[in-house]
Amino acid sequence: MSASPISSISTPISIETEFQFLADFIPQLVWITDPAGSHLYFNQRWVDYTGYTLADSVGPDMWNNLLHPDDRARARQIWGHSLATGDDYEIEYRFKSKDGGYRWFLGQASPRRAEDGTIATWFGTCTDIHDQKLAAEQLQQREQDFMTLANAIPQLAWMADATGYIFWYNERWYDYTGSSLEEMQGQGWQQVQDPSYVAGVTERFTAAIKNGTPWQDLFPLRGKDGQYRWFLSRALPVRDESGEVVRWCGTNTDVTEERQLQEQLINSHNDLEAKIAFRNLELEHELKNLREQLKKG
Amino acid sequence: MSDLLLDINLQQVPDGYLAGAWRIAHRVLNRTSPDSSLAVATALVLDDQSLQLQAPTQNEVGSWAVQRDELLNRPYLRLNLPAEETRALVTRLRRTSDGARSQLNLYFSSGLEMQLDRP
């Protein structure tokens, strides 16, 4: 279908009527003010949501009732700045509906200028972002909860992208290694590894990333005091709905004391075996001496 | 210089690591007579082949040698003293990286166990 200019349509229409319909049809609340900020127009959605008409906008009462108390001062300051400077206006604030509940809106406005550059009118819209705002707040809350959990666990923890590039470590990692994200991101963790383990660990980690299989390894990591401690390191892939690996979550668990206890146990066992063998030799030696004495006797 | 004592591989320990003036830091007698020379000794000086046992009341002089047996994966010491001849298995030897400090654990055929420090 080819586009036709409105003026060429056979049925005569009023552009003003069409734009009036458009202004009421779009999902935003629409408003127009004069250069001083006095309202000249509200669309029907504004009236339907707020319950206020253009006549109600004279004076401060409508705005004081409409805006959430926590948003009033900020809204006044930002709108005042735009009126004074002609800068575009943008703000997130809460409007009370005529039914009593508050919803979050994104308020935006731009000045329409006359030929001489002076501001003739301000055109503004308020877009309902309530659901997105709540979802973002919930997401932020979940992220805060995750960060709290990630920093509370006794392990060092980290996250890598699908290629194995590490982009996040928990606070314990930084506390233990004395390093920064700038130093550690990507493959920077190799800097705190015992050099003799770097090649083997990197090879096995790279293979796990390539194959998308869980990774586990045991190697020493250097603390900020310069001493190495042994860590059992694990990582699991996080997949999207299609099964593609999108991220890796990893932990490093300090097993130094367990290793020391294991070594002590092995040493004790070896010592015991050696002592028994030594005692047997001594008995054989004594037996041999006795036989020799008997022969002499 | 690190003060850390490192375990020495007893299968490859040089005899020279066992020589020197050892102070007896700790001992467990087990069934050893508490009056025996080794039970009351405060130090053992292993110098070349001569052994000097130092005790609060008297010193004794004898000889010592490092011996090995293919059944044992660690050396043992043969100690000859005027009153007795005994053998002691080396159960552990630790040294600092510069050799300035050492710690030696011995297990005697009588059941006596000793930890010796140097210096």
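Residues numbered from 1 in each chain as written. Chains lettered and ligands numbered in written order. Predicted model: local features only at pLDDT ≥ 70, side-chain atom pairs only at ≥ 80, totals over all residues.

Observations concerning the interface of chain A and chain B
Part 1 of the argument: If you look at the interface, chain A gives eight residues, while chain B gives 11 residues.
Part 2 of the argument: Residues that form the side of chain A that touches chain B fall into these classes: four nonpolar, no polar and four charged. (Contact = placed C-beta atoms within 7 Å. Nonpolar A, V, L, I, M, F, W, Y, C, P; charged D, E, K, R; others polar.)

Let's talk about the nonpolar core
Part 1 of the argument: Leu44, Leu77, Ala88, Leu89, Val90 and Leu106 of chain B are the most contacted members of the largest nonpolar core, which totals 27 residues.
Part 2 of the argument: Of all the secondary-structure elements, those providing two or more residues to this core are α9 (256-296) of chain A together with β2 (20-28), β3 (43-47), β4 (50-54), β6 (76-80), β7 (85-95), β8 (102-108) and β9 (113-118) of chain B.
Part 3 of the argument: Those residues in contact with Leu77 of chain B that lie beyond four places of it in its chain are Leu18, Trp64, Val66, Arg87, Ala88, Val90 and Leu106 of chain B.
Part 4 of the argument: One finds Ile166, Tyr169, Tyr176 and Ala235 of chain A within the second-largest nonpolar core, a separate group that totals 14 residues. (Core = buried A, V, L, I, M, F, W, Y, C linked by C-beta atoms within 7 Å. Buried ≥ 20, exposed ≤ 12 C-beta atoms within 10 Å, placed from the backbone. Helix = DSSP H or I, 4+ residues; strand = E, 2+ residues; numbered from the N terminus.)

Some details on the pairing of strand β7 (residues 166-169) of chain A
All names here are of chain A.
Part 1 of the argument: Pairing of strand β6 (residues 156-161) with β7, which is carried by three bridges, proceeds in the antiparallel orientation. Bridged to Met159 within β7 is Trp168.
Part 2 of the argument: Between the end of β6 and the start of β7, which pair antiparallel, lie four residues, with Gly164 showing a positive phi angle near 90 degrees. (Pairing = 2+ DSSP bridges.)

Some points on the confidence of the model for chain A
Part 1 of the argument: Mean pLDDT over chain A: 92, with 96% of residues reaching 70 or higher.
Part 2 of the argument: Contacts from residues 1-6 of chain A, a stretch scored under 50 in pLDDT, to residues over four places away or in other chains number three contacts. (pLDDT = per-residue confidence, 0-100.)

Points about unusual backbone geometry
Residues and elements named next belong to chain B.
Part 1 of the argument: For the bond running from Arg118 to Pro119, omega is -5 degrees, close enough to zero to count as cis.
Part 2 of the argument: Here Pro119 is to be found in the segment after β9.
Part 3 of the argument: A positive phi angle, near 50 degrees, is found at Asp48, a position not held by glycine.
Part 4 of the argument: Relative to the elements of secondary structure, Asp48 occurs in the loop between β3 and β4.
Part 5 of the argument: Look at Asp48 and you get exposed, because 8 C-beta atoms sit within 10 Å.

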